[in-house]
Amino acid sequence: MDDEFLLLNPGPVPMSPDAREAMSEPMVSHRSAAFEAVYERAQDGLEYVFEQSSLDGERTASGGEALILNGTATMGMEAAVANLVDADDELVAVVNGKFGRRFKRIAERHCTVTAVEFEWGAPIDVGAVADAVSDETAVVTVVHNETSTGLLNPVEEIGEIAADHDARFVVDGVTSIGGDTFRIDDWEVDIAITDGQKALAAPPGVAALYVADGVDAHVDGESAPFYEDLDWHSRKASQHQTPFTSAVPLFRGLAVAVEEIETEGIPDRIARHRRQSTAFREAMWAMGLESFPELNDATAYSNTLTAIELPEGARDDDSEAFFDAVADRGVSISGGQAHLGGEIFRVSNMGNITDEQLLRGIRTIGEAFDAVGVDVAVPDAVETAREALDR
């Protein structure tokens, strides 16, 4: 196989050579000045991403704090919830995919949960959310970009509902922050969560939170799990450290990754992700395939990953042969999660994917369908994508 193996699954995503090289540097103490310099670089870069995630370069937040966690975004989700609720509080969890459900399951360990649930891939009915949130609601959670379905959820509208009832608003921005618009202040977001291995193009195993200005007054670290005490994380962050032993190589990779985002510039990065996701989606339609998620006026297709329905001949029990054919050609994509296994496939354009890599992914998917006997128009798909990329 001449081409390098290409990761197009929705995380982990490919890392740059410089980020990979930084992770291989000699080990230092997590309490050394050398590590503190790495932490400061990573924190500064993350605050740039969190606070300027707009297409026009406008600031999207100010006065808050980025905290880096030794763990994946699931740790960040639990830390956000557990630091904001007491056992007798009510949390409203909005669920229309696997990761909205994860928020619900996490919260059920810490407080009373009212779930507003929709079919996976179905759009959120904002009116149903408004009916569920009351003045007794302490926290509202939602996933901005539902990774399991490729659906961009109406965070702005839900944030207004939470603010109207003085509820804290916690948003999973794991596959949007670093690749799409994310307006913390305008959307009334109190804590935003992201993950290194997604649109930031950093290594897996490190995540970050942004605690918006003034939200620290509502954070109660003693009510949270010991390892997830955000008061403690904030105190140590002021010293450019974490409360416990830091995963030094991961922080080094993260520091380089966020600096690369700043070099590219968030507006250009967001525009690139939108252009590439449009090109991929239109290429799949040119093959005669259908997008999986349903839209309404409040939702949109994801700009960082795409979920497509598997056609007959590559569906259910036949899907394994299709995914094997993709992998045999040196490309990694993902299937559906949980009950969506065998029904959909998902492809990421997160991070630093080039247009040529995206086109390679399109050709590979088309060739894999041909290999399992599904007739698709590969040349038409590639040409459609090229035209979209050139717009």
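Structural data are supplied above this passage.
So, here is what we can say about the structure in this document. Because the structure is predicted, anything quoted here is derived from the model rather than measured. (Residues numbered from 1 in each chain as written. Predicted model: local features only at pLDDT ≥ 70, side-chain atom pairs only at ≥ 80, totals over all residues. Heavy atoms only, no water.)

### Topic: the overall build of the chain
Part 1 of the reasoning: Of regular secondary structure, the chain possesses 12 helices and 15 strands.
Part 2 of the reasoning: Counting every position in the chain, which comprises 391 residues, the buried fraction comes to 59%.
Part 3 of the reasoning: For the chain, the proportion of contacts with a sequence separation of at least 24, taken over those separated by at least 6, is 72%.
Part 4 of the reasoning: For the chain, the accessible area works out to roughly 14,900 Å², and carbon and sulfur atoms hold 44% of it.
Part 5 of the reasoning: Counting 28 positive and 73 negative side-chain charges, the chain places the centres of these two groups 6 Å from one another. (Helix = DSSP H or I, 4+ residues; strand = E, 2+ residues; numbered from the N terminus. Buried < 20%, exposed > 50% of the residue type's maximum accessible area, 1.4 Å probe, protein only. Contact = heavy atoms within 4.5 Å. Areas by Shrake-Rupley, 256 points an atom, 1.4 Å probe, with all protein chains shown as cover. Lys, Arg positive; Asp, Glu negative; His and termini not counted. Charge placed at Lys NZ, Arg CZ, Asp CG, Glu CD.)

### So, the layout of surface pockets
Part 1 of the reasoning: Its volume calculated, the largest pocket comes out at about 320 Å³.
Part 2 of the reasoning: If you trace the largest pocket, you find 13 residues lining it, with E4, P14, M15, R20 and Q357 closest to the centre.
Part 3 of the reasoning: Of the residues assigned to the lining of the largest pocket, the class counts are seven nonpolar, three polar and three charged.
Part 4 of the reasoning: What lines the second largest pocket is a set of 19 residues, among which F99, R102, V174, Q197 and K198 lie closest to the centre.
Part 5 of the reasoning: For the lining of the second largest pocket, the elements supplying multiple residues, two or more each, are α3 (73-82) and α4 (98-107).
Part 6 of the reasoning: The element that contributes the greatest number of residues to the lining of the second largest pocket is α3, accounting for three residues. (1 Å grid on protein atoms, 1.4 Å probe; cavity = no way out; pocket = protein on both sides within 12 Å on 5 of 7 lines; lining within 4 Å. Points joined across faces, edges and corners; volume = space filled by probe spheres on them. Nonpolar A, V, L, I, M, F, W, Y, C, P; charged D, E, K, R; others polar.)

### With respect to the side chain of R252
Part 1 of the reasoning: Note that R252 resides in helix α8 (residues 248-264).
Part 2 of the reasoning: What makes R252 buried here is its relative accessible area of 8%.
Part 3 of the reasoning: Look past the residues within four positions of R252 in its chain and what remains in contact with it is A22, E25, P26, M27, V28 and V38.

### As for the pairing of strand β9 (residues 191-195)
Looking along a regular strand, one sees side chains alternate from face to face of the sheet.
Part 1 of the reasoning: For β9, the buried fraction is high: five of the five residues fall into the buried class.
Part 2 of the reasoning: Neither face of β9 is open: one carries I191, I193 and D195, the other A192 and T194, and all of them are buried.
Part 3 of the reasoning: Strand direction decides the pairing type here: strand β8 (residues 168-172) and β9, joined by three bridges, are parallel. Within the sheet, the bridge partner assigned to D172 lies in β9 and is I193.
Part 4 of the reasoning: Note: β9 against strand β10 (residues 207-211), five bridges, orientation antiparallel. From the neighbouring strand, T194 faces β10, where its bridge partner is A208. (Pairing = 2+ DSSP bridges.)

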